[in-house]
Amino acid sequence: MDIIGYVIAGLLFIAGIALGYFFNRTRVEKTQRASRQTAEKIVQDAREEARTVEIQARDNALKVVQSSETEVQRRRADLSREEDRLQKRRDEMDMRIEKFEQREALLNKRQSTIDRRANEVEKLYQTELDELQRIAQMTTDEARTILLNEVEKEARGDMARIIRQIETEAREDGERRARKLIADSIQRVASDSVAEVASSIVPLPNEEMKGRIVGRNGRNIRAFEQAAGVDVIVDDTPESVTISCFDPVRREIARRSLARLILDGRIHPAHIEKILEDEQKNMEKIIVEAGEQAAFEAGVSGLHPEILRMMGRLKYRTSYGQNQLSHAVEVAKLSGILAAELGANVEISRLGGFLHDLGKAMDHNQEGTHALLGAEYAKRYGVNQQVVNAIASHHHEVEQESIEAIIAESADAISGARPGARREDLEAYIKRIRSLEEMAASFKGVSQAYAIQAGREVRIIVRPEEIDDLAAARLARDIAKQIEETMQYPGQIRVTVIRETRAVDYAK
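Please read these numbers as outputs of a predicted model, since none were measured by experiment.

### Quick notes on helix 9 (residues 324–342)
The periodicity of an α-helix, 3.6 residues per turn, causes residues three or four places apart in sequence to face the same way.
Piece 1. Here helix 9 contains 19 residues, and its C-alpha end-to-end distance of 26 Å stays within 8% of the 27 Å for a straight helix at 1.5 Å per residue.
Piece 2. Counting buried positions along helix 9 gives 14 out of 19 residues, so the element sits mostly inside the fold.
Piece 3. Gly343 sits one or two residues past helix 9 and shows a positive phi near 80°.

What follows is the structure in structure tokens.
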């Protein structure tokens, strides 16, 4: 049993081994088949992936090839365009060179013509010079000597004029009597004429008065302006209003009327007209009284009342700050003094001086100059013919017929020119200075001209390449002569010509 059992056990063992081997082989075969399938799958996947990569690489290579071909074509196009541009530039350069050659040939031809003409001109100049010397019977050096002699004569003439001027200024004995006469006349009649100027400012007691002057909807100020013939300016000026009018008498009537209305307090159209009528009557009386008082102070008599009334209107007229009625009285006194010293008719001289500006009382209402208007008005009321001529001729609009007319003109100039009598108008001063500079700048070679020291000197800067030293002296003399001939000025004007030469270089 034991042997059978061993045998059976051995058989079973062998069967188990065989069965295990069979199962193990089967399992191995399955594993190999699975591995083979996996390997085939991996190979197939690798092949597909390789095929995909190959296709992608071909696509990329195709794209690179296409991009390269495009770039090559673009480069070829650029090169073609650049070649065309260079060819065009080359053609243009050839054309320019051809034009330059043509121009050079033309210039050479013109230069030849110019040289030939220059030679002809030189020959003609020499021929003309020889002919001129033959006609003048003198050489160039002789002509230059004659010209220098003429210039020397002119310079000597200027020197003689300066010497005469110095001699004239040195004649104090001959002029002493005239200076003493004028100085005495001024001292005896001097007065503050500048201080009297007609005022057009009306003071107000307070700012509320402006509203009352204007009135409701402006009816008061309109009624006043229409009745008085003036402009009333109500602005921000504290406690005052301004009356504007070209007629000084009308302006004074309006000023006095407005002052009365402010003092009275009743400002309405009806009362305004009444006050203006009263002030017009009062103004007529004041004007007549002013004319009579001025005639009394001037020492004249026998004048028509209408002339005295017209002279009284000058109380409200000024010229360059000088009251015209006071100026008339002053001129009358100066005329009387000058006439007494010179042995002329004192009464006619004094009357001519008193009435010389009579026309200024009416020249803003009528056409004509104040001298002719005044002469016509005086003649109308029977004034002496010599006095009428003195009035009409004191600005040389008519011929002076007597020494009394000259005396009236001289007295008028003395009264207006004495120190403190008048102030120069700013516009006239600027005009005179500008005229002086423009006259100096009009000469050839002048670069700049400046009037300095209130017009007593003109300083001229010339261009050195156009004006030499001798020409600068001649220019100063010519400008001085031009000023003497064309301008009116007190005293003398100094003419200074400056010629400056500059040398400029740069350090690099």
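### Topic: the packing of aromatic side chains
Piece 1. By the definition in use, this model includes one aromatic pair.
Piece 2. Judged by centre distance (5.1 Å) and plane angle (50°), the ring pair of Tyr377 and Tyr381 falls under tilted.
Piece 3. With relative accessibility at 27%, the residue Tyr381 sits in the partly exposed group.

### Details of the sheet that holds strand 1 (residues 201–203)
Piece 1. Ordered by their spatial adjacency, three strands build an open sheet running 1-3-2, and the pairing between neighbours is antiparallel. At either end of the open sheet lies a strand with only one pairing partner, and these are strand 1 and strand 2 (231–233). Mean inter-strand twist for the sheet, computed between neighbouring axes without regard to direction, equals 25°.
Piece 2. Here strand 1 runs beside strand 3 (residues 240–244); their pairing, made up of three bridges, is antiparallel.

### Overview of the confidence of the model for the protein chain
Piece 1. Residues with a pLDDT of 70 or more make up 86% of the protein chain, whose mean pLDDT is 80.
Piece 2. Every residue in residues 190–199 scores below 50 in pLDDT, and together they form 26 contacts with partners more than four places removed in sequence or on other chains.

### Some remarks on the side chain of Lys360
Piece 1. Within the secondary structure layout, Lys360 lies in the loop between helix 10 (346–355) and helix 11 (370–380).
Piece 2. Ignoring anything within four residues of it in the chain, the contact list for Lys360 reads Leu314, Arg317, Ser319, Gln324 and His370.

### Here we look at the pattern of salt bridges
Piece 1. One pass over the structure, following the stated rule, counts 19 salt bridges.
Piece 2. With its nearest N and O atoms 3.0 Å apart, the salt bridge here joins Asp78 to Arg74. One end of the pair is Asp78 and the other is Arg74, both in helix 1 (residues 2–136) and four residues apart, which spans about a single turn.
Piece 3. By relative accessible area, Arg74 is classed as partly exposed at 41%.
Piece 4. A salt bridge links Glu284 to Arg309, with the shortest nitrogen-to-oxygen separation between them at 3.9 Å. Pair noted here: Glu284 is in helix 7 (residues 269–298) and Arg309 is in helix 8 (residues 305–312), with a separation of 25 residues, a long-range link.
Piece 5. Overlapping salt bridges, with partners in common, bring together Glu71, Arg74, Arg75, Asp78 and Arg81 in one network.

### Some words on the sheet that holds strand 8 (residues 494–499)
Piece 1. The sheet built from three strands is open, its strands ordered 6-7-8 with mixed pairing. Every interior strand has two partners, whereas the edge strands, strand 6 (446–452) and strand 8, have only one. This sheet shows a mean twist of 20° between the axes of neighbouring strands, independent of strand direction.
Piece 2. Bridge count between strand 6 and strand 7 (residues 457–462): six bridges; the pairing is antiparallel. Residue Tyr450 lies in a different strand from strand 7, and its bridge partner there is Arg459.
Piece 3. Relative to strand 8, helix 15 (residues 469–486) is tilted by about 155°, and along the sheet it contacts strand 6, strand 7 and strand 8.

Calculation criteria
Residues numbered from 1 in each chain as written. Predicted model: local features only at pLDDT ≥ 70, side-chain atom pairs only at ≥ 80, totals over all residues. Heavy atoms only, no water. Helix = DSSP H or I, 4+ residues; strand = E, 2+ residues; numbered from the N terminus. Expected span 1.5 Å × (residues − 1). Buried < 20%, exposed > 50% of the residue type's maximum accessible area, 1.4 Å probe, protein only. Phe/Tyr/Trp six-rings, centres within 6.5 Å; stacked < 30°, edge-to-face > 60°. Pairing = 2+ DSSP bridges. Axes fitted to C-alpha atoms, helices over the stretch in contact; angles between N-to-C directions. pLDDT = per-residue confidence, 0-100. Contact = heavy atoms within 4.5 Å. Salt bridge = Lys/Arg side-chain N within 4 Å of Asp/Glu carboxyl O.

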